[in-house]
2 protein chains.
Amino acid sequence: MSLDLSVDRSSPVPLYFQLAQQLEAAIEHGALTPGSLLGNEIELAARLGLSRPTVRQAIQSLVDKGLLVRRRGVGTQVVHSKVRRPLELSSLFDDLEAAGQRPATKVLVNTVVPATAEIAAALSVAEDSDVHRVERLRLTHGEPMAYMCNYLPPGLLDLDTGQLEVTGLYRLMRAVGITLHSARQSIGARAATAGEADRLGEDEGAPLLTMERTTFDDTGRAVEFGTHTYRPSRYSFEFQLLVRS
Amino acid sequence: MSLDLSVDRSSPVPLYFQLAQQLEAAIEHGALTPGSLLGNEIELAARLGLSRPTVRQAIQSLVDKGLLVRRRGVGTQVVHSKVRRPLELSSLFDDLEAAGQRPATKVLVNTVVPATAEIAAALSVAEDSDVHRVERLRLTHGEPMAYMCNYLPPGLLDLDTGQLEVTGLYRLMRAVGITLHSARQSIGARAATAGEADRLGEDEGAPLLTMERTTFDDTGRAVEFGTHTYRPSRYSFEFQLLVRS
DNA sequence: TCAATCCGTATGTCCGGACAATCGGACTGC
DNA sequence: GCAGTCCGATTGTCCGGACATACGGATTGA
C-alpha cells in the first residue's frame, strides 16, 4: 500500500505543494481509498525527510479543499464522499469547455454606453460616464443557452469582438494582468419578456433562470457587472459547498 | 491609528484566533480602512509578543475569508471591497433569521416512506427501504415563500414536528452531533405545476426557482436529500464567491 | 454487566530562527 | 529622457522542537 511519495528539493515548486499534489492524485486515482487513515504526520514527515509543519501545510490545503478530514487523537482520513467540484469563480465559458460542450459565442453588441444609475453603482463609477457594454449569446449544439449582458469600466481592457467569440471574458481579464478576487452573485428566476424569449428561442412568459454578478479584483475595484439569463431546460447551476468550520 | 491589539495568554482561545478576531473586528469597525497596509508581520509579532508563525496563521485565516490580500515584497492590505457574506452551507431558516425575517414553518408531512430510486441513489440506501420524508412550507410575513421536501436516512435523528416548526433542519442535525461537511447543490428554474402553484399561492405555469441538495457529513455519509421550490418574487440566492488561488 | 477512569496516540498550538523569492523604488548608465 | 540594474523591504517557504488537547480503547471498579 504505502504510496511512493517523494519530493524533489531541487524543484522550484514548494515542497508542501508537491506533497499536496501527490496526495490529491493518490486520492483521485484511488490509491488512497475513502475513509482510510493517512498515517500520522510525524512519521509521514520522517519518511519524506520533511518537517512536520511542511507536511501539515500540505494536509491542510487538502482539508481546505474538502478532500481530507482531521480528527484530533484519531488521525487524518480521506473524505468518503465524492467531493470533486467546489464552487469557484469561473466563467460560464470555462465551465462548458470543461464539460466538453464546445460552447459557441455570438457577440451581439460591443460598444460604449453611458452608465445608468444601477450600473454606475455596481461599478463604482459616475453616472452617465462611459462604460463598455457587451451583449453575448452563448450557444451549445447550435441552440441558444444563455443571453449575457456585461458592463466593464473604461480603460480596463480593449474588448476585441473576435477574441470574445473564441474565449471567455474572465480569461481575457486574466490575460491583461487583472487578478480576480471575489464576486457578489444573485441567482433568481422570472418570466421571459418578449425580447428575451425571442433571443433565447423560448415563449414569452416561459420561466428563465437569471444571474446577476459584480466581480472585483484584488484591489477591490469592480471590474465587471453582468446580468445573465439562462434557459432552464439547458442550464442549471451545479456546485458543491463546503462547511466553513 | 495603530490599533490596540492584545492577546490573552490565559485564555483557552488560540492566540492566532484571538488576533484574527481582533483584526476582523477592526476591519468591520473601520479602524482598518480598505487599502491600508497592515504593517509587516515581523514587527506586528514583536509588538504583540507573538511569534511570526502565529501572526501569519491569523493573517492567513483572514486572507482565506477574503478580507486581506498579501503581496510579496509589498505587504498585507485590507481588501477594498465590501466582502461580507461568503457562501456557506447554511439552512434557509438561518439565512432568514439572520436577515431579521422571522420565518415561520409549517410542517405539512412528517412520515416514513419507501425510497424511490432517485432518493435511494442520493442517500446511498437500498431502494424501497424506509426513509423519513418531511414536507414543509416556509412563510415570511404570512405569505408562502418556499416549499421544501426533504428525505433523511432512518435512525439518524427522530424528527419532531414541533421542533421542525421552530428551528431549521440543519440545527437539529448539529444538535445530535452530526458534523456537516459538504453539499452538492443544483439551482434551476421551471414552470409551476398545478400542485406547486396551489401550495405557494402562484398561478400554474408561473416561474419557480428550484434547488436540489444532497448534504454529507464528515464521514461521507449522505444525511439529507431535498428538493425545494421558491417563489422568485420573494426569494433569490445571494452569495459571494472567492477566487481560490 | 455496566460505568468511570486511565493512558497511548494523534492532531492543535506555539516558538525562534533561517534563507529564498519577489516587488517597487532608487540609482546608474546610455 | 529612458532603460537597465541594484537594493531594501516584505512575504513565502522550511526547519526542529515543545507542550497542550482531545479522542478512543483498555483497564479498573462498582
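Since this is a predicted model, take the numbers as computed values, not measurements.

**Considerations on the overall build of chain A**
For chain A, the helix and strand inventory stands at eight helices and nine strands. Among the 245 residues that make up chain A, the fraction classed as buried is 48%. Within chain A, counting contacts between residues at least 6 apart in sequence, those at least 24 apart form 56% of the total. When the accessible surface of chain A is split by element, carbon and sulfur atoms take 50% of a total near 11800 Å².

**Focus on the packing of aromatic side chains**
By the definition in use, this model includes 11 aromatic pairs over all chains. The interplanar angle of 80° and the centroid separation of 5.2 Å between the aromatic rings of Y230 of chain A and F237 of chain A together place this pair among those described as edge-to-face. Measuring from ring centre to ring centre gives 5.3 Å for Y235 of chain B and F237 of chain B, while their planes differ by 80°; the resulting arrangement is edge-to-face. Note on Y235 of chain B: relative accessible area 14%, which makes it buried. When its relative accessible area of 8% is taken as the criterion, F237 of chain B is described as buried. An aromatic cluster of three or more residues is present, and its members are Y230, Y235 and F237 of chain A. Cation over ring: R199 of chain A sits above Y147 of chain A, and NZ or CZ is 3.9 Å from the ring centre.

**Considerations on the pattern of salt bridges**
Scanning the entire structure with this criterion turns up 24 salt bridges over all chains. Between E196 of chain A and R190 of chain A there is a salt bridge whose closest N-O contact spans 2.2 Å. Of the residues examined, R190 of chain A reaches a relative accessible area of 35% and is grouped as partly exposed. Across the salt bridge formed by D217 of chain B and R221 of chain B, the nearest N and O atoms sit 2.8 Å from each other. With a relative accessible area of 42%, R221 of chain B lands in the partly exposed category.

**Focus on the relation of the copies chain B and chain A**
Each of the two chain copies goes to the other by way of a rotation about an axis and a shift along it. Mapping chain B onto chain A leaves a residual RMSD of 0.1 Å; the transformation is a rotation of 180° accompanied by 0.0 Å of translation along its axis. Considering both components of the superposition, the chain copies are consistent with a two-fold axis. The position closest to the rotation axis in chain B is occupied by the C-alpha of P207 of chain B, lying 2.3 Å away. Mapped onto chain A, 100% of the interface residues of chain B are again interface residues, and the two copies thus contact each other with one and the same surface.

**Quick notes on the sheet that holds strand β7 (residues 207-217) of chain B**
In space, the seven strands of this open sheet follow the order β9(A)-β6(B)-β7(B)-β8(B)-β5(B)-β4(B)-β3(B), with antiparallel pairing throughout. Whereas interior strands pair on both sides, the edge strands pair on one side only; in this sheet they are β9 (237-242) of chain A together with β3 (104-114) of chain B. The mean inter-strand angle of the sheet, taken between neighbouring strand axes irrespective of direction, is 15°.

**Observations regarding the side chain of D218 of chain B**
Tracing the sequence through the fold places D218 of chain B in the loop between β7 and β8 (222-230). If we ignore the near neighbours within four places in the chain, the residues touching D218 of chain B are V69 and R71 of chain A together with T179 and H181 of chain B.

**A look at the interface of chain B and chain A**
Chain B puts 43 residues into the contact, and the matching count from chain A is 43 residues. For the chain B and chain A pair, buried surface summed over both sides reaches about 4000 Å², with 56% attributable to carbon and sulfur atoms. Remark: the boundary between chain B and chain A carries four salt bridges. Notably, a salt bridge pairs D218 of chain B with R71 of chain A, separated by 3.3 Å at the nearest N-O pair. The interface formed by chain B and chain A holds 12 residue pairs in polar contact (both at pLDDT 80 or more) in total. Counting only elements with at least two residues in the side of chain B that touches chain A, the list comes to β1 (68-71), β6 (180-191), β7 and β9 (237-242) of chain B. Taken together, the residues that form the side of chain B that touches chain A break down as 21 nonpolar, 13 polar and nine charged. Taken together, the six bridges between strand β6 (residues 180-191) of chain A and β9 of chain B define a ladder with antiparallel strand orientation.

**As for helix α2 (residues 41-48) of chain B**
All names here are of chain B. E41, L44, A45 and L48 are the residues of α2 that are buried. Burial along α2 is one-sided: seen end-on, the buried residues are contained in an arc of 100°. Of the residues in α2, the exposed ones pointing more than 90 degrees away from the buried face are I42 and A46. On its buried face, α2 is in contact with α1 (15-29), α3 (52-65) and β1. Measuring from the backbone nitrogen of I42 back to the side-chain oxygen at the start of α2 gives 3.1 Å, which picks out N40 as the cap. Once α2 ends, the next one or two residues include G49, with phi positive near 75°.

Parameters at a glance
Residues numbered from 1 in each chain as written. Chains lettered and ligands numbered in written order. Predicted model: local features only at pLDDT ≥ 70, side-chain atom pairs only at ≥ 80, totals over all residues. Heavy atoms only, no water. Helix = DSSP H or I, 4+ residues; strand = E, 2+ residues; numbered from the N terminus. Buried < 20%, exposed > 50% of the residue type's maximum accessible area, 1.4 Å probe, protein only. Contact = heavy atoms within 4.5 Å. Areas by Shrake-Rupley, 256 points an atom, 1.4 Å probe, with all protein chains shown as cover. Phe/Tyr/Trp six-rings, centres within 6.5 Å; stacked < 30°, edge-to-face > 60°. Lys NZ or Arg CZ within 6 Å of the ring centre and 35° of its normal. Salt bridge = Lys/Arg side-chain N within 4 Å of Asp/Glu carboxyl O. Least-squares fit on C-alpha atoms with pLDDT ≥ 70 in both. Pairing = 2+ DSSP bridges. Axes fitted to C-alpha atoms, helices over the stretch in contact; angles between N-to-C directions. Buried area = accessible area lost by both parts, 1.4 Å probe. Polar contact = N/O pair within 3.5 Å; in protein donor to acceptor, adjacent residues only side chain to side chain. Nonpolar A, V, L, I, M, F, W, Y, C, P; charged D, E, K, R; others polar. Arc of directions from axis to C-beta.

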